[in-house]
Amino acid sequence: MLLVLSEEQKAHLGVLPRAGGAAVGELGRLAVELLRRGAAPRAWEAAARKLNIDVDTIQHGVEGLSYLLTESSKLMISEVDFQESVQVLGFSDELNQLLLQLYLDNRKEIRSILSELAPKLPSYHSLEWRLDVQLASRSLRQQIKPAVTLKLHLNQNEDQTAQVLQTDPSTLLHLIQQLEQALGEMKTNHCRRIVRNMK
Amino acid sequence: QRFRFCGDLDCPDWVLAEISTLAKISSVKLKLICAQVLRDLLGEAIEYEKILKVTSDAKLESGDVKATIAVLSFILSSAAKHNVDSESLSSELQQLGLPKEHASGLCRSYEEKQSSLQDRLKACSLRLSRLGSVCWRVDYTLSSSELQDVNEPLVHLTFNVQDGERGRVAAVPMTLSADKFRVLLAELKQAQTLMNTLL
């Protein structure tokens with residue numbers, strides 16, 4: 001699969017051959033930092049001064065390079081496809097090699113950053129429980145009514161929420177039975193076949 | 001094989017694995033680490049540097065130190081949870097392979113702090129909300145826009161309710177007529193009598 005770059009992106013990446021070999025390394029590092037931590041205008045200004053290029057061009061170059069890296073990592077394109085995609089830009093072979101190396105070195109890390117961007121459902125954190133017995137109420141004395149109170153702690157994107165639930169013991173037993181059945185599904189032939197094929 | 005200190009269930013595999021790490025430390029040092037773990041379980045600050053000092057002579061790696069603290073934490077809190085006496089705990093730990101000296105040192109520390117541990121665990125149990133304080137005021141309504149001579153007493157009550165562990169206090173204000181207030185007081189007194197029969 002080949003990567004398609006727009007005219008604007010090709011223009012942004014045009015700064016690379018002008019900047020020279022060492023600068024490409026520096027811009028590559030800035031591009032990966034952009035993906036790890038977000039924009040760093042001060043670092044870009046420092047690079048602009050060092051390489052004697054104006055800040056806007058540096059910014060565009062870094063952004064273009066990070067787009068190149070994320071799209072390539074996202075689609076997991078092969079070396080051959082990457083080289084062919086980059087050929088379109090008309091850079092020297094040396095520069096193409098540097099870009100390929102940059103891609104291969106950082107691909108795994110970029111993919112792990114991208115995987116964290118998927119939307120997540122609230123996930124289980126912990127469960128507190130309590131067993132009570134109701135002995136009397138305003139309307140009725142001499143009762144024996146057991147109840148289990150649960151506090152389910154959930155995590156969603158670093159937000160902690162808690163849900164309070166209450167149930168009687170027979171519903172709790174039914175709940176446990178259902179959950180054990182769900183776990184038991186993993187052992188059926190159907191699930192085992194799928195798991196084997198995924199590996 | 002079932003163990004009382006694990007709640008009549010099998011001992012978790014990781015606890016079994018770490019018993020051999022415990023045996024590597026001398027029984028005197030184990031007792032010192034135990035004292036620190038008990039401090040942590042009782043809600044006082046754990047003095048990690050003291051533990052590191054003790055374990056540095058025994059040549060334990062940092063992973064082993066954390067594992068030791070975790071397994072001691074589990075054994076002591078689980079034994080307190082299931083109200084296991086120190087002799088049974090000692091014999092069960094020896095069955096798992098902990099040398100006699102280590103087990104008796106551990107259990108002596110446990111015995112001293114068993115009831116404080118259980119009190120602390122009781123205090124940490126799930127509590128949905130608790131009453132902080134009650135404020136009241138008695139007014140006398142002279143007159144209103146509806147009726148010229150009202151002449152009735154009125155009670156203002158504010159319950160300050162603390163929400164669970166997070167501790168945000170919410171004020172619940174209400175006003176009651178004299179009759180309603182008498183009914184409330186009578187019902188609460190009945191509930192109090194019932195509670196006293198259970199204490």
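Everything quoted here is computed from the prediction, not taken from an experiment. The residue numbers shown here count from 1 along each chain, following its written sequence. Chains carry letters from A onward and ligands carry numbers from 1 onward, assigned in written order. Reporting in this predicted model follows two pLDDT cut-offs: at least 70 for local features of residues, and 80 or more for side-chain atom pairs to be given and counted; totals over whole chains, interfaces and linings ignore these cut-offs and use all residues. Heavy atoms throughout the structure, all of them, feed into the side-chain values; hydrogens and water do not.

Student: For this particular structure, what's the right way to read the overall build of chain A?
Tutor: Helix and strand counts for chain A come out as nine helices and three strands. Numbering of helices and strands starts at the N terminus; helices are DSSP runs of H or I of at least 4 residues and strands are runs of E of at least 2. From first element to last, N terminus to C terminus, chain A shows the α and β order α-α-α-α-α-α-α-β-β-β-α-α. Scored against the burial criterion, the 199 residues of chain A give a buried share of 29%. Relative to all contacts within chain A whose residues are 6 or more apart in sequence, the contacts with residues 24 or more apart total 56%. Each accessible area is a Shrake-Rupley result for a 1.4 Å probe, and residues are judged covered by the shown protein chains and nothing else. For chain A, the computed accessible surface area is about 13700 Å², with 55% contributed by carbon and sulfur atoms. Under the scheme applied here, a residue whose accessible area is under 20% of the maximum for its type counts as buried, over 50% as exposed, and between as partly exposed, the area being computed with a 1.4 Å probe on protein chains only. Note on definitions: a residue-residue contact is assigned when non-hydrogen atoms from the two residues lie within 4.5 Å.

Student: Whenever I open this one, the packing of aromatic side chains confuses me. Can you help?
Tutor: For any pair of aromatic rings, the description rests on two quantities: the centre-to-centre distance and the angle between the ring planes. All names here are of chain B. Only rings of Phe, Tyr and Trp enter the pairing, Trp through its six-membered ring, and a pair is recorded when the two centres are within 6.5 Å. The plane angle decides the type: under 30 degrees is stacked, over 60 is edge-to-face, the rest tilted. One pass over the structure, following the stated rule, counts three aromatic pairs over all chains. Look at Trp-14 and Phe-74: their rings are 5.6 Å apart centre to centre, the planes differ by 65°, and that puts the pair in the edge-to-face class. Taken together, the residues Trp-14 in helix α1 (residues 13–24) and Phe-74 in helix α4 (residues 62–81) connect sequence positions 60 residues apart. Given a relative accessible area of 24%, Phe-74 falls into the partly exposed group.

Student: What is the right way to look at the sheet that holds strand β2 (residues 145–156) of chain A in this model?
Tutor: In sheet architecture, strand pairing relies on hydrogen bonds along the backbone and comes in two forms, parallel and antiparallel. Residue and element names in this part refer to chain A. In this analysis, strands are considered paired if DSSP registers two or more bridges between them. Spatially, the three strands line up as an open sheet ordered β1-β2-β3, and their pairing is antiparallel. At either end of the open sheet lies a strand with only one pairing partner, and these are β1 (123–134) and β3 (159–167). The average undirected angle you get between the axes of adjacent strands in this sheet is 15°. Bridging between β1 and β2 involves eleven bridges; their strand directions are antiparallel. The partner of Ser-126 across the bridge, within β2, is His-153. Note on method: axes are straight lines fitted to C-alpha atoms, helices fitted across the in-contact stretch only, with angles between N-to-C directions ranging 0 to 180 degrees.

Student: Please clarify how the packing of helix α2 (residues 27–41) of chain B against α4 of chain B should be interpreted in this entry.
Tutor: Pairs of packed helices are described in terms of their axes, by the angle between the two and the distance that separates them. Residues and elements named next belong to chain B. One can describe the packing of α2 onto α4 by two numbers: an axis separation of 10 Å at closest approach and a directional angle of 65°. Regarding the angle of α2 to α4, the classification is roughly perpendicular. Our pair here, α2 against α4, has a crossing hand that is right-handed. For the pair formed by α2 and α4, the contact residues are Leu-30, Ile-33, Cys-34, Val-37, Leu-38 and Leu-41 on the first element and Ile-69, Leu-72, Ser-73, Leu-76 and Ser-77 on the second. These descriptions rest on fixed angle ranges, namely under 35 degrees for roughly parallel, over 145 for roughly antiparallel, 65 to 115 for roughly perpendicular, and the rest for oblique. If you view the pair so one helix is near and one far, a crossing is left-handed when the near helix is turned anticlockwise from the far one by less than a right angle, and right-handed when it is turned clockwise.

Student: How should I be thinking about the interface of chain B and chain A in this particular structure?
Tutor: Quoted interface sizes are often the accessible area lost when the parts come together. Contact residues are listed per partner, giving eleven residues for chain B and twelve residues for chain A. At the boundary of chain B with chain A, total buried surface from both sides reaches about 970 Å², with 56% on carbon and sulfur atoms. Each reported salt bridge corresponds to a side-chain nitrogen of Lys or Arg within 4 Å of a carboxyl oxygen of Asp or Glu. Between the two partners, chain B and chain A, sit one salt bridge. Here the buried area means the combined drop in accessible surface, using a 1.4 Å probe, for two parts upon being joined, counting both sides.

Student: Quick question: what am I supposed to make of the confidence of the model for chain B here?
Tutor: Atom-level detail of predicted coordinates should not be read off regions where pLDDT is low. Residues and elements named next belong to chain B. Summary of the metric used: pLDDT quantifies the predictor's per-residue confidence within the range 0 to 100. Scored by pLDDT, chain B has a mean of 89; 98% of the residues are at 70 or more. Mean pLDDT in chain B bottoms out at helix α3 (residues 48–57), which sits at 79, and peaks at helix α7 (residues 178–198), which reaches 93. Among the prediction metrics, the complex's ipTM stands at 0.74, with pTM recorded as 0.66.

Student: Mind showing me how you'd approach the sheet that holds strand β5 (residues 168–177) of chain B here?
Tutor: Residue and element names in this part refer to chain B. If you trace the three strands from one edge of the open sheet to the other, you get β3-β4-β5, paired in antiparallel fashion. The open sheet has two free edges, formed respectively by β3 (129–141) and β5, since each of these has just one partner strand. Recorded for the sheet is a direction-independent mean angle of 15° between the axes of neighbouring strands. Relative to strand β4 (residues 152–163), β3 runs antiparallel, the two being bridged by twelve bridges. Across the sheet, residue Ser-133 finds its bridge partner in β4, namely Asn-160.

Student: Explanation requested: helix α3 (residues 21–37) of chain A in the structure shown.
Tutor: Side chains that are three or four residues apart share a direction in an α-helix, a result of its 3.6 residues per turn. Residues and elements named next belong to chain A. The length a helix should cover is 1.5 Å for every residue beyond the first. Between the first and last C-alpha of α3 there are 25 Å, a value that for 17 residues agrees with the 24 Å anticipated at 1.5 Å per step. Ala-23, Val-24, Glu-26, Leu-27, Gly-28, Leu-30, Ala-31, Val-32 and Leu-34 are the residues of α3 that are buried. Tucked into the core, α3 has its buried residues touching α2 (15–19), α4 (41–51), α5 (55–75) and α7 (93–115). Count one or two residues on from α3 and you reach Gly-38, which has phi positive near 95°.

Student: Looking at this structure, how should I read the nonpolar core?
Tutor: Across soluble globular proteins, you tend to see nonpolar side chains buried next to one another. To form a nonpolar core, buried Ala, Val, Leu, Ile, Met, Phe, Trp, Tyr and Cys residues must be joined to one another through side-chain atoms within 4.5 Å. Counting 35 residues, the largest nonpolar core has Phe-5, Leu-72, Leu-76, Leu-89 and Leu-93 of chain B as its most contacted members. Elements with a contribution of two residues or more to this core: α1, α2, α3, α4, α5 (86–95) and α6 (100–123) of chain B. The leading source of residues in this core is α4 of chain B, at eight residues. Not counting residues up to four positions away in its chain, the partners in contact with Phe-5 of chain B are Phe-74, Ile-75, Ser-78, Ala-79, His-82, Val-84, Leu-89, Glu-92, Leu-93 and Leu-96 of chain B. One finds Leu-3, Val-15, Leu-69 and Phe-91 of chain A within the second-largest nonpolar core, a separate group that totals 31 residues.

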